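Chain by chain, the residues run as shown.
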Amino acid sequence: MDARYEALVDRLRGAGGGIAIAFSGGVDSALLLACAREAVGPEKVLALTAVTPYMVRQEIGDAVAVAAELGLRHELVEMDMPSGMEDNPPDRCYRCKHRMYQLLMERARLLGHDTVLDASNLDDAEQSRPALQALRELGIGTPFIQQGIDKEAVRAVSQALDLPTWRKPSNACLLTRLPHNRPVSMRELQRVEEAERLLQDMTFESVRVRSHGSLARIEVAPSQRERLMQRADEIGKALQGLGFRYACLDLFGYRHGSMDEPGA
């Protein structure tokens, strides 16, 4: 087992009053949840999942299933669109995290858990993600970062612990599929989610559908481009059925945060 993980378990054993984990159902938060359970026991661990209008619905089901498999108490915390995010501003991640953790902290303390932790890893810190600013302002602990645990280590330890999430692809909220500074509609969010689910059902794993109004821009891993083009007619018709007028393949392939690039 990774020595950094073992050191983190020892560190969490000193937490008093119970530990609440912000739990998305992804690989990072699942490992942190398992780590807290090992450190203080299942009766002192609480999984909290924020349910927002712009999250992928499947993520909720995944989170419920993993928390149940780990035998931990799990609470869903409803969250409306935070003020100022209606037009998908560039600082949406900061606004979202700040409001989200305010709500999670309130729920955690109501249920008797004094410590609230986030599962951001060292790679997140190196990318200077604005959401981390919100965590610092609210005093939310980021033990993976403090312990020097990166994504590679998270997956390796998750595999060693036989967690069902160890191979799960990274995901992000649906707002990352839309341009900045343009009104967000639930119809568009739903259309993007359905488009990505359609492609995932065709076994395209690393996939994003970026919405540019009537145009769907598809990003897949370079190794999957040829296979996608072989099914171009089928995919195009399916996307038209969801309300897109045009569809194109992004020749640069899948990449994190492409909507944040100049000219997007």
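As the structure is a prediction and not an experimental result, all values here were calculated from the model. (Residues numbered from 1 in each chain as written. Predicted model: local features only at pLDDT ≥ 70, side-chain atom pairs only at ≥ 80, totals over all residues. Heavy atoms only, no water.)

Colleague: Sorry if this is basic, but what is going on with the pairing of strand β5 (residues 207-212) here?
Modeller: Residues in a regular strand point their side chains to alternate faces of the sheet. Buried residues dominate β5, accounting for five of its six residues. As defined by bridge partners, β5 adjoins strand β6 (residues 215-220) across six bridges and the pair is classed as antiparallel. Within the sheet, the bridge partner assigned to Val207 lies in β6 and is Val220. Counted between consecutive antiparallel strands, the loop separating β5 from β6 contains two residues, among which Gly213 sits at a positive phi close to 70 degrees. (Buried < 20%, exposed > 50% of the residue type's maximum accessible area, 1.4 Å probe, protein only. Helix = DSSP H or I, 4+ residues; strand = E, 2+ residues; numbered from the N terminus. Pairing = 2+ DSSP bridges.)

Colleague: Help me understand the sheet that holds strand β4 (residues 115-117) in this model?
Modeller: Strand pairs in the sheet, formed through backbone hydrogen bonds, run parallel or antiparallel to each other. Strand order in the open sheet formed by four strands is β3-β2-β1-β4, with parallel pairing between adjacent strands. Where the open sheet ends on each side, the last strands, each with one partner, are β3 (73-78) and β4. Taken pair by pair, the neighbouring strands of this sheet meet at an average axis angle of 25 degrees, ignoring direction. The sheet contact formed by strand β1 (residues 19-22) and β4 spans three bridges and is parallel. Note that in β4 the partner of Ile21 across the bridge is Leu117. In the packing of helix α3 (residues 57-69) onto the sheet, the strands contacted are β2 (45-51) and β3, and the crossing angle to β3 comes to about 160 degrees. (Axes fitted to C-alpha atoms, helices over the stretch in contact; angles between N-to-C directions. Contact = heavy atoms within 4.5 Å.)

Colleague: What is the right way to look at the environment of Met55 in this model?
Modeller: As for its position among the elements, Met55 is in the loop between β2 and α3. Note: C-alpha distance between Met55 and Leu174 (119 residues apart in sequence) is 5.8 Å. Residue contacts for Met55: discarding those within four places in its chain leaves Ala50, Ile60, Leu174 and Glu193.

These results come straight from atomic positions and should not be treated as a statement about function.
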